[in-house]
Amino acid sequence: MRGPGRMETQRVTEYPTPRQSAARPTGGGAGTAAPAAGRAAGRADAAHAALPDPRDEPGASDLTAVPQDVPAPPQDVPVPDAGHPPRTGHARPAGGDEPAGRSRPAVPDPADGSAAPGAAGHPGGDERVERERRGGDRLRFVGAATRRIARGVDLDETVLGLCRASVPAFSDAILVYLRDPLPVGDERPAGPFLLRLRRTDRLPDYAAPVPSDADPSDTGEFPLPLLASPPEDVVSGTPELIEVRGGGPLAEVLRGVRPVFGDAPTAREALPELLGPVREIPPGRRAVLAPLRGRRRVIGAAVFLRRPDRAAFEGDDLLVAAQLATHTALGVDKAVLYGREAYIADELQRTMLPDELPQPTGVTLASRYLPAAETARVGGDWYDAIPLPGGRVALVVGDVMGHSMTSAAIMGQLRTTAQTLAGLDLPPQEVLHHLDEQAQRLGSDRMATCLYAVYDPVAHRIVVANAGHPPPVMLHRDGHAEVLRIPAGAPIGVGGVDFEAVELDAPAGATLLLYTDGLVESRHRDVWTGIEHLREKLTETAGLTRPDTPPPLEPLCDEVLDILGPGDRDDDIALLAARFDGIPPSDVAYWYLDPRAQTARQARRLARRALERWELDDLTDSVELLVSEVVTNAVRYAERPITLRLLRTDTLRCEVGDDVPQLPRLRQARATDEGGRGLYLVNRLARRWGATRLSTGKVVWFELALP
């Protein structure tokens, strides 16, 4: 995931020209004005006459009454520009009495002698009505815009909400700058004050003005000639990264927090510093520079631009810009904090699960993990695959109750405990018993389910123990899928219960699926219905391949996850699939040897014969030397017969087992020492080596690369 301080290149959105539509009548007597007067009043700002009305915004009824029969326009922030003069044009009928497209003036025009009934006999009544209308429009616009900004969760959504709310309702273009990198919480920014252009939105270079000779019923679009300094030229020529000089005009405006017009003395020098000196700034009050101040510091700036053919910003528009900037800055702060928390959650979950699965001999592994939801990225589900002595592998899947940081922490401790117990080569039921004790030590309410299985590729057997977990499903080579009958057992953390292990066949080519209950259980189905659905899905998937050919493991995992329908996933999901390949008996050589002085010579002879049978004569000298050293150490301390086993897979593996639990350690022998050099030779000649403690003693092993 992207870190909280990472920035992206800016994106530019050009809005298509909306269809022509005038503002609905407001105030008494609006329907009595002549159509000709409406056309004359609408030409001054016809390019923006198609902007939607804020009164159609859901939730705007708390600010002003809105006729219920007026349909809502499609725009998300349906508010006209607060800086526009009264508009007329192709108005929609307010109550259905007039034909669609008939022109009606939004505000009575004193030139034609008409007057609102409430304003008759009162000088300045029209100005008061217009002033109240604009004030209501601004309130509705701010309410709708702030609601849209507040809907954003991440950084991009918040900035996009500001841009879409502002263009075209409030401005023709907008540029949003944010600090790079963005400070998080109480962090103090280090290094220079850099602003990066995060996003720009603008209108295209055409709009929909109404020519003087246009038919009032005509709703067509008319091209707007290119302007001398359109906002898109300013946008396209703006540098992406700007360093704010300390004590400079831009720094002074940002410290002032309040928005300023583009023709203000400080802004006249600050805007070229921000936008670049080669671009011409729109003249007059057609630019507003608004600092974005978060909870503790300035985190960016927004520039609102209008075309020269549009009414300039007014004094009250600074209040609107301040509200937009404040809500955007707080939203950015919130998004950055959310991004950091999401990043921490992702990192925690990632470190709690295996980075990559091991590739043990005789088995192929694949896994999947899905969080419960985007807002719940951490949970208690885990899976693991642990190589064991003798080419065996332990397969583990578990589920801690809950979807919180606490659940993830408990899961991490149980997973670590399971790895430690697996390293001791304890039987599966003993591993679950110790996990149960560990869960009780962590707290009285630490509940979890777990399934622990050990696969032996030489014997083609698997030993499974269960602690309240859904049973695994085995897909056989012939395409038949079955739910393994395993004693359920009690969940981990209950205490005072015994766990039972069963041993089952694991034929070559079979696939074992271990999963958590999130895969099979949801609010729409119970666990056993989901398990049966999973079994049927596996059978169906196996039928798509050739007979006696198991399906590929990675696509099989994806197909299994497809049983989740839309809205079915209520819990996080851990899935571990194991394809049993096994090791053929012809690639295994196994002997029991008595601990005698002649045992080392006997071991060399047996190893040499096995290598001759496998046509690995090039390894004979190295194997004889290393086998002699390891067997000699085992015979020296063992009281019972020792074991010698050779495995031929992608490497040659040699294992020597005895009944002494003490593990050998590599040490540097002194010149006067008679011994202590055997493991040194093993360490130098073998590709890998190690020692593992067993319940009956230990195993020392080494591997050599095949020629």
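Quick caveat: nothing in here was measured; it's all calculated off a predicted structure.

Asker: With reference to specific residues and values, describe the packing of aromatic side chains.
Answerer: Per the stated rule, a full pass over the model turns up five aromatic pairs. When the centroid spacing of 5.4 Å and the interplanar angle of 85 degrees are considered together, the rings of phenylalanine 170 and phenylalanine 304 count as edge-to-face. Residue phenylalanine 170 is located in the loop between α3 (155-166) and β2 (173-179), and its partner phenylalanine 304 is located in strand β7 (residues 298-305); the two are separated by 134 residues in the primary sequence. By relative accessible area, phenylalanine 170 is classed as buried at 1%. The buried category is assigned to phenylalanine 304, whose relative accessible area is 0%. Between tyrosine 455 and phenylalanine 580, the ring centres sit 4.2 Å apart and the planes meet at 20 degrees, which makes this aromatic pair stacked.

Asker: Tell me what's going on with the sheet that holds strand β13 (residues 473-475), and back it up with residues and numbers.
Answerer: The five strands lie next to each other as β8-β17-β16-β13-β14, forming an open sheet whose pairing is antiparallel. Each having just a single partner strand, β8 (363-370) and β14 (481-483) make up the two edges of the open sheet. Each strand axis lies, on average, 20 degrees off the axis of its neighbour in the sheet, ignoring direction. Judged from the eight bridges that link them, β8 and strand β17 (residues 573-580) form a sheet pairing that is antiparallel. By the bridge assignment for β17, leucine 365 is matched with alanine 578. Against the sheet, helix α10 (residues 527-542) engages β13, β14 and β16 (511-515), with an angle of about 160 degrees to β14. Helix α11 (residues 553-561) contacts β8, β13, β16 and β17 of the sheet and is inclined by roughly 35 degrees relative to β8.

Asker: Which residues make up the packing of helix α13 (residues 620-637) against helix α14 (residues 678-685), and what are the values?
Answerer: Running from amino to carboxyl end, α13 crosses α14 at an angle of 145 degrees, the nearest separation of the two axes being 9 Å. Considering the relative orientation of α13 and α14, their crossing is left-handed. Residues Leu625, Leu626, Glu629 and Val630 of α13 form the contact with α14, whose own contacting residues are Gly678, Leu681, Val682 and Leu685. Its residues placed into classes, the contact of α13 with α14 shows six nonpolar, one polar and one charged.

Asker: Now, about unusual backbone geometry: what can you tell me, with residues and values included?
Answerer: For the peptide bond that leads from valine 167 to proline 168, omega is 5 degrees, which places it in the cis range. Inspection of the secondary structure assignment puts proline 168 in the loop between α3 and β2. Put simply, aspartate 180 and proline 181 share a cis peptide bond, and its omega is 0 degrees. Residue placement: proline 181 occurs in the loop between β2 and β3 (194-202). The residue histidine 460 is not glycine, and still its phi comes out positive at about 55 degrees. Inspection of the secondary structure puts histidine 460 in the loop between β11 (448-456) and β12 (461-467). Taking the relative accessible area as the measure of exposure, histidine 460 reaches 22% and is therefore partly exposed. Unlike most non-glycine residues, glutamate 615 shows phi in positive territory, near 60 degrees.

Asker: Got a sec to walk through the pairing of strand β20 (residues 651-658)? Specific residues and values, please.
Answerer: Burial of β20 is extensive: eight of the eight residues sit out of reach of the surface. Pairing of strand β19 (residues 642-648) with β20, which is carried by six bridges, proceeds in the antiparallel orientation. Within β20, the residue paired with arginine 648 across the bridge is leucine 652. The loop that links β19 with its antiparallel partner β20 comprises two residues. Strand direction decides the pairing type here: β20 and strand β22 (residues 697-705), joined by eight bridges, are antiparallel. Looking at β22, one finds that valine 656 is bridged to valine 700.

Each value, and the rule that gives it
Residues numbered from 1 in each chain as written. Predicted model: local features only at pLDDT ≥ 70, side-chain atom pairs only at ≥ 80, totals over all residues. Heavy atoms only, no water. Phe/Tyr/Trp six-rings, centres within 6.5 Å; stacked < 30°, edge-to-face > 60°. Helix = DSSP H or I, 4+ residues; strand = E, 2+ residues; numbered from the N terminus. Buried < 20%, exposed > 50% of the residue type's maximum accessible area, 1.4 Å probe, protein only. Pairing = 2+ DSSP bridges. Axes fitted to C-alpha atoms, helices over the stretch in contact; angles between N-to-C directions. Contact = heavy atoms within 4.5 Å. Left-handed = near helix turned anticlockwise from the far one by under 90°. Nonpolar A, V, L, I, M, F, W, Y, C, P; charged D, E, K, R; others polar.

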